[in-house]
Amino acid sequence: MTNSPAAGPVPPPGCPAHAAPAEAGGATGSRAAVPMYGQEFADDPHGTYARMRATFGPIAPVELSPGVYASLVTSYQLGLEILRDTERFAKDPRSWRAMRDGTVGLDNPVAPMMMYRPNALFSDGEAHARLRGAITDSLDRVDPHALSEYVERSAETLIDAFASRGRADLITEYASVLPLLVFNQLFGARPADGPKLVETMMKLFDSGEDAAAANDELLRWISGLVAEKREQLAADVTSWLIAHPSQLSDDELMQQIILLMAAGTDPEQNLIANALRLLLSDDRFAGELSGGSMPVQDALDEVLWNDPPMANYGTRFPRYDCEVAGVRLRKGDPVLISYAAANHEAALASDRRSGNRAHLAWSAGAHRCPAERPARVIASVAIERLLDRLPDMELAVPAERLTWRTGPFHRALAALPVRFPAQAAAQAQPFAASVSKSAPFDESPGGSQWNPVPSSSTPPAATSSERQPESQQAARRRLLSFLTAWWRGQ
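Everything numeric in this text was worked out from a predicted model, so none of it was measured.

Caption draft 1: Here's a closer look at the overall build of the protein chain. The helix and strand inventory of the protein chain stands at 19 helices and 12 strands. Put simply, the protein chain has 490 residues, and 57% of those count as buried. Counting contacts in the protein chain only where the partners sit at least 6 residues apart, residues at least 24 apart contribute 76% of the total. Accessible surface computed for the protein chain: about 20000 Å², of which carbon and sulfur atoms make up 53%.

The following block contains the structure:
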């Protein structure tokens, strides 16, 4: 398989109106691809997007990691067009030329986010419709009120772990853990397995020496969860996936659960943390934190416009060589949509976007995120509960000194240190006792609403390329110790 540019019609010499289209970055890295994996990009992504747009127009050649090239769309309208265009662009990455010819290996750091998996995210056509239907139908059966109550109880638990210290890292001790507690419940896991779940997922997030073993442990757990739920269905997402008319196989069930966990952990953490950073540092929100939920909803909208948790994704692969916006895209070369750059386009800029949710943060078209509603419920309740408990909380360092994790796909803070007046932890009943008993499973099309039920244990998978500093590891040890004691009712 060759990496040479695809041949195309040659325009008449000297005719600027019919000049040959520019070649996308592709496997050869032509057009001086812009790196998206260093600290410089992480520190000022919008500056990089602006330079891309000024230099290359709406499609820029980028390098996602050393030697991995793609095209990045920075235009809102063009991004929307490509996300909706299933005739020219596929989601299934098995046509990815650089992986097919061995240029990009399975061990490449960006491969896990782009390689094929048999789930709804990486499929097209009838296969996608079948898998996505099982996911959306199951998520639609989650009662948002019950979900909100569970998020609130989980938030109280985590806040109790650090409230008496007067300081915390809201990434390590709150935003990264709360989604795990919620997923533990949504998928029907045993409450007592919570601390082990949190520990396993933290190892995965850290991408350290024990990450591979943690990944194997997670896969074993999911397999056991599926087997257990097949024996006794309950009112949880795992059971609803099993009972769905699409009749998913065990492998398909595992892959959809992994997809939901991956999409619901690191991105959810980033949504919570980025909104908290905005609320604690932006003058537009100053003085409003005790005024109810509107400032929180405004902050979420602002983050989804300017700093979406997944800033660059929506990966597509041209089904054949084609020209888009004057750029020749070759069959099988990845095209990513910059949700952050597209949203931030000058034509869309405004001082406030309260209530305007036409952004691309949830993607668009057939693969628009199916978990938008529960994701927003989790984030808003988590933020509101934290601000209610600690209304005098403030950043422990100036906002400009906060650091961002490197990586081409996400917009993620490395830490979010805060301080506040210390307070005694609230008296709460043991976590296991706060979970209601199993409810009958309703197999009717209308479905039963979600009731917390015990079972096995669930979490998500997403990785960070950086080891956490020792101070964060110490905070995590304290948190795990607290959760273990709390789950045991001590």
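Having seen the model, we can carry on.
Caption draft 2: Spotlight on the sheet that holds strand β12 (residues 417–419). The strand order across the open sheet built from three strands is β6-β12-β11, with neighbouring strands paired in antiparallel fashion. The open sheet has two edge strands with one neighbour each: β6 (167–169) and β11 (394–395). Of the strand pairs in this sheet, β6 and β12 are connected by three bridges, and their pairing is antiparallel. Within β12, the position partnered with Ala 168 by the bridge is Val 418.

Caption draft 3: Examining the nonpolar core more closely. Residues Leu 170 and Tyr 174 are the most contacted members of the largest nonpolar core, which totals 80 residues. Here this core gets nine residues from one element, more than from any other, and that element is helix α17 (residues 372–389). In this structure, Phe 41, Tyr 49, Val 327 and Phe 409 belong to the second largest nonpolar core, which totals 43 residues.

Caption draft 4: Molecular detail of the packing of helix α14 (residues 266–281) against α17. Between α14 and α17, the least distance of the axes is 10 Å, while the angle of their chain directions is 40°. For the element pair α14 / α17, the angle class is oblique. Like other packed secondary-structure pairs, α14 and α17 cross with a definite hand, here right-handed. Where α14 abuts α17, its residues Glu 268, Leu 271, Ile 272, Ala 275, Leu 276 and Leu 279 lie against Ala 375, Ile 378, Ala 379, Ala 382, Ile 383, Leu 386 and Leu 387.

Caption draft 5: How the structure looks around the sheet that holds strand β4 (residues 68–73). Strand order in this open sheet of six strands is β2-β3-β4-β10-β7-β5, and the pairing throughout is mixed. Both outer strands of the open sheet, β2 (34–35) and β5 (89–90), are each paired with one neighbouring strand and no more. In the packing of helix α2 (residues 45–56) onto the sheet, the strands contacted are β2, β3 (59–65), β4, β7 (312–318) and β10 (335–338), and the crossing angle to β3 comes to about 135°. Contacts between helix α3 (residues 76–84) and the sheet are confined to β3, β4, β5, β7 and β10, with β10 contributing the most and set at about 130° to the helix.

Caption draft 6: Representation of unusual backbone geometry. You will see that Gln 247, though not glycine, has its phi angle at about 55°, which is positive. Mapped onto the elements, Gln 247 comes out in the loop between α12 (237–243) and α13 (250–264). Judged by its relative accessible area of 65%, Gln 247 falls in the exposed class. Phi at Ser 363 is positive, roughly 70°, even though this residue is not glycine. Tracing the chain through its elements places Ser 363 in the loop between α16 (339–343) and α17.

Caption draft 7: Expanded view of the packing of aromatic side chains. Summed over the entire model, instances satisfying the criterion amount to six aromatic pairs. Seen in terms of ring centroids, Phe 162 and Tyr 174 are 6.4 Å apart; in terms of plane orientation they differ by 80°. Their pairing is edge-to-face. With a gap of 12 residues between them, Phe 162 in helix α7 (residues 144–162) and Tyr 174 in helix α8 (residues 171–175) connect regions that are remote in the sequence. For Phe 162, a relative accessible area of 0% puts it in the buried group. Ring centres of Phe 162 and Phe 420 lie 6.2 Å apart, and the angle between their planes is 55°; on these two criteria the pair is classed as tilted. Linking Phe 162 in helix α7 with Phe 420 in the loop between β12 and α18 (431–434), this pair joins segments that are 258 residues apart in sequence. Ring-pair connections join several aromatic residues into one group, and the members of that group are Phe 162, Tyr 174 and Phe 420. When the ring centre of Tyr 116 is taken as reference, the NZ or CZ atom of Arg 94 above it lies at 3.9 Å.

Cut-off values and rules
Every chain is numbered on its own, with residues counted from 1 as its sequence reads. The predicted nature of this model means local features are confined to residues of pLDDT at least 70 and side-chain atom pairs, given and counted, to a pLDDT of 80 or more, with totals for whole chains, interfaces and linings taken over all residues. Only hydrogens and water are set aside when side-chain values are computed; all heavy atoms of the structure are taken into account. Numbering of helices and strands runs from the N terminus; a helix is a DSSP stretch of H or I covering at least four residues, while a strand is a stretch of E covering at least two. Residue exposure (1.4 Å probe, protein chains only): buried if accessible area is under 20% of the type maximum, exposed if over 50%, otherwise partly exposed. Any pair of residues with heavy atoms lying within 4.5 Å of one another is described as a contacting pair. Method for areas: the Shrake-Rupley scheme with a 1.4 Å probe, in which residue coverage is limited to the protein chains shown. When DSSP finds two or more bridges between a pair of strands, those strands are recorded as paired. Only buried residues count toward a nonpolar core, which is a set of Ala, Val, Leu, Ile, Met, Phe, Trp, Tyr and Cys residues joined through side-chain atoms within 4.5 Å. Only the stretch in contact is used when a helix axis is fitted, and all axes are lines through C-alpha atoms; the angle between N-to-C directions ranges over 0 to 180 degrees. Here the word oblique covers every angle except those under 35 degrees (roughly parallel), over 145 (roughly antiparallel) and from 65 to 115 (roughly perpendicular). Left-handed describes a crossing whose near helix is turned anticlockwise from the far helix through less than a right angle; right-handed describes the clockwise counterpart. A pair of Phe, Tyr and Trp rings is counted when the ring centres sit within 6.5 Å of each other, with Trp represented by its six-membered ring. The angle between the planes then sorts it: under 30 degrees is stacked, over 60 is edge-to-face, the rest tilted. By definition, being over a ring means that NZ of Lys or CZ of Arg is both within 6 Å of the ring centre and within 35 degrees of the ring normal.

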